[in-house]
Amino acid sequence: MNIKGIEHLSNEELQAELAQGARFVIFQYCISVLVMSFKRNSPIYFIPAQHKAAPRSLRFIGISLLAGWWSLPWGPIWTWRTVKNNIKGGIDVTRHVQQSLSRAA
């Protein structure tokens, strides 16, 4: 599983961070080309409890705003939805990642 931001954490440190409110999130972005639109997910990002997800989401918001809205009808719709999800802090996948990590251990 490709998770950005946990490379330097031991399992104990990771569990302590999660207990304090850290989370795993994905961001979405939309790219449109003529008559086709593609909505994709970023890798999983680890967001420590004391940090905000917004700085990490800016890249994906920018991609969507620049390249997402060009195709009708899905381009503008998916662009709006991806930007909205990213502004709210991404999609929380903490529970799913924890389940996968516990199965792998």
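Scroll up to find the structure this text is about.
Note that the coordinates shown come from a computational prediction; the quantities given were computed from them, not determined experimentally. (Residues numbered from 1 in each chain as written. Predicted model: local features only at pLDDT ≥ 70, side-chain atom pairs only at ≥ 80, totals over all residues. Heavy atoms only, no water.)

K.L.:
I'm lost on the environment of Trp-80 in this one. Help?
P.N.:
Assignment of secondary structure puts Trp-80 in helix α3 (residues 74-87). On the basis of relative accessible area, Trp-80 is assigned to the exposed category, the value being 58%. (Helix = DSSP H or I, 4+ residues; strand = E, 2+ residues; numbered from the N terminus. Buried < 20%, exposed > 50% of the residue type's maximum accessible area, 1.4 Å probe, protein only.)

K.L.:
I'm lost on the packing of aromatic side chains in this one. Help?
P.N.:
Any aromatic ring pair is given by two values, namely how distant the centres are and how the planes are angled relative to each other. Under the definition given, this model contains seven aromatic pairs. With centroids separated by 5.7 Å and ring planes inclined at 15°, the aromatic side chains of Phe-27 and Phe-60 adopt a geometry described as stacked. Linking Phe-27 in the loop between β2 (23-26) and β3 (28-33) with Phe-60 in helix α2 (residues 54-67), this pair joins segments that are 33 residues apart in sequence. On the basis of relative accessible area, Phe-60 is assigned to the buried category, the value being 3%. Where Tyr-45 meets Phe-60, the ring centres are 6.2 Å apart and the plane angle is 65°; that geometry is what we call edge-to-face. Placement of Tyr-45 in strand β5 (residues 44-47) and of Phe-60 in helix α2 is noted, with a sequence separation of 15 residues between them. Residue Tyr-45 is classed as buried on the basis of its relative accessible area of 10%. (Phe/Tyr/Trp six-rings, centres within 6.5 Å; stacked < 30°, edge-to-face > 60°.)

K.L.:
Even after reading the chapter, I still don't get the nonpolar core, so can you show me in this structure?
P.N.:
Nonpolar side chains tend toward joint burial in soluble globular proteins. Membership of the largest hydrophobic core is limited to twelve residues, which are Ile-3, Ile-6, Leu-9, Leu-14, Leu-18, Ala-22, Phe-24, Ile-26, Ile-44, Phe-46, Val-93 and Val-97. Of all the elements in the fold, those that place two or more residues in this core are α1 (11-19), β2 and β5. Excluding residues that lie within four positions of it along the chain, Ile-44 makes contacts with Met-1, Asn-2, Ile-3, Lys-4, Phe-24, Val-25, Ile-26, Val-93 and Val-97. If you look at the next biggest cluster of nonpolar residues, it comprises seven residues, including Val-25, Phe-27, Tyr-45 and Ile-47. (Core = buried A, V, L, I, M, F, W, Y, C linked by side-chain atoms within 4.5 Å. Contact = heavy atoms within 4.5 Å.)

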